[in-house]
Amino acid sequence: VCTSMLISQAKPGGIARQLAMGGSNAGTNLVLNPFIIQDPAYMILNPAYQAMYADYGWANVGGGALTGSALSEGYGLQYSGLAFALNREWSVGAVLSQDPSAINVVGSLIGTIAQRPPQGIPPVLNVWEVVGAYNAGSADVGLALTYGNSNADVTNSAVDPREAEASATMWGLRGGANIDLRGGSSLDLSAAIRSDKATDKITNSGGSGGDYEATGTELQFNARANIHASNKFNFVPYGLLAIASAEPEENTFPAGGSATPVTQEVDVLVYAVGAGGEYRTQSFYFAGGISWQSAQVESKITAPAPVGATTATTTYSAIPVLNLGGEWWFTDWLAGRAGYYRSSGNLKTETVTPGNTNETNVTVPNSFVVVGGIGPANWDGLVTLGLGARFGNAALDVTVSEEALRRGLGLLGSGDNINTFGYVTMSYNWAE
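Residues numbered from 1 in each chain as written. Predicted model: local features only at pLDDT ≥ 70, side-chain atom pairs only at ≥ 80, totals over all residues. Heavy atoms only, no water.

Asks: It is not clear to me how a negative patch on the surface should be interpreted in this structure. Could you clarify?
Replies: The grouping of E247, E249, E265, D267 and E298 at the surface amounts to a negative patch. Among the secondary structure elements, those contributing two or more residues to the negative patch are β9 (233–252) and β10 (263–280). As for its placement among the helices and strands, E265 is situated in strand β10. (Patch = residues over 30% accessible without salt bridge, like charges linked within 9 Å, V, L, I, M, F, W, Y side chains within 5 Å. Areas by Shrake-Rupley, 256 points an atom, 1.4 Å probe, with all protein chains shown as cover. Salt bridge = Lys/Arg side-chain N within 4 Å of Asp/Glu carboxyl O. Lys, Arg positive; Asp, Glu negative; His and termini not counted. Charge placed at Lys NZ, Arg CZ, Asp CG, Glu CD. Helix = DSSP H or I, 4+ residues; strand = E, 2+ residues; numbered from the N terminus.)

Take a look at the structure:
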């Protein structure tokens, strides 16, 4: 009884749990299993979840490559977050250095129309988000403000005076709600808008200047329902829509030149729909389902005759997409996890120029995970393992190398540089 009281305050979960239980990237820039209903990882997608995880701190710690393993467990940058309950209704928090935007891709478009070699725009790596959530009883609502920037300014007062600016800025808003539908059912809704801008400006008297910029807008909508079917099973449908557009522009052309005749427009459309469920007993939990996912990128470049307009469209469509994950508790403080992700899709590329259309279709009968260096040409599926532990108010969740089961735990002295654990999520819940 004393042990149960000590561990009851911990709230395990996060990206490491999602990775170990069949998580994948479905246009959210996060690795998630969409059929796991309750997990602190969803705070990064829907700020209303902060009401559920107030007085809570967490950190995602990226792992390294695993010796002899098919899985490179880097999964991007490390980031963390904090939330504080002001009272029973209000909570405030922050997410530190997690960038959900396409700002660093938007900046790369400038090179298409620049009449000089483009500058290297520093990537936006420090992104800050302030989150607020309100518990209204039958619904939790949340709002978040996101901001990130980078810049490199140079001033040279030599014979040829020169000033150079290379910068990027992103700001965004996220909003969400978790609505209690009574009877054990609920509805999860969220939306986000982000504005991206990159600048490449050089001012000098040598004729190699120019003022260029690229702007982009991103919209994202997510919806999930948790429909109570029995004491053991909940039905979970979900849908996702993401839209983005970007365009580079020439504000000032280099001295002695003329305005660029080249223009470019880029449009992105991502959507996913799926249905599955979660099943639970006292010691076992399973979440999984099937989805249809698609992503399309269209780039239109217009130039003077005889080149004319070139439209390049890349479309990836996958059905079925499987996300399956299981979790069972060996003891009151230690859980084991296993997951499986696979998508069977088609990659279509079409290039249209005046008088010519070139189209290719390639079947992609394997995993398409846009994280950690795993791509569509590497593996025919992704099986993951993980562990979760809770000690008092603290929780530790990790992915486990498959080689650890064959060759021993690296931290106890294996014969090579094998890493026992890959991605790690640490959390602490200090709620009273």
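On we go from here.
Asks: What should I look at first to understand the nonpolar core in this one?
Replies: Within soluble globular proteins, side chains that are nonpolar tend to cluster in buried spots. The biggest cluster of nonpolar side chains holds 20 residues, and the ones touching the most others in it are I15, L30, L32, M43, W58, Y79 and Y423. Elements that contribute at least two residues to this core include exactly α2 (15–20) and β1 (56–61). A total of 3 residues in this core trace back to one element, the largest contributor, which is α2. Counting 17 residues, the second largest nonpolar core, distinct from the first, contains I103, A198, V262 and A303. (Core = buried A, V, L, I, M, F, W, Y, C linked by side-chain atoms within 4.5 Å. Buried < 20%, exposed > 50% of the residue type's maximum accessible area, 1.4 Å probe, protein only.)

Asks: Would you mind going over the pattern of salt bridges with me for this structure?
Replies: Where charged atoms from two side chains of opposite charge approach closely, those side chains can pair. A full pass over the atoms with the stated rule returns 11 salt bridges. Of the charged contacts, one joins R337 and D397 as a salt bridge, the two residues approaching to 2.7 Å between their closest N and O atoms. You can see R337 sitting in strand β13 (residues 334–353) and its partner D397 sitting in strand β16 (residues 394–400), a full 60 residues away along the chain. Judged by relative accessible area, which is 2%, R337 ranks as buried. We classify D397 as buried; its relative accessible area is 0%. Here the salt bridges share partners, and the residues they tie into one network are R17, D39, E327, R337 and D397.

Asks: How do you make sense of the layout of surface pockets when you look at a structure like this?
Replies: If you roll a probe as big as a water molecule over the atoms, it shows you where there is empty space left. In this model, the second largest pocket occupies a volume close to 550 Å³. As for the second largest pocket, its lining consists of 22 residues, of which R17, R280, E327, W329 and R390 are closest to the centre. When contributions to the lining of the second largest pocket are tallied by element, the ones reaching two or more residues are β11 (284–302) and β12 (309–329). (1 Å grid on protein atoms, 1.4 Å probe; cavity = no way out; pocket = protein on both sides within 12 Å on 5 of 7 lines; lining within 4 Å. Points joined across faces, edges and corners; volume = space filled by probe spheres on them.)

So yeah, pure geometry; function would need other evidence.
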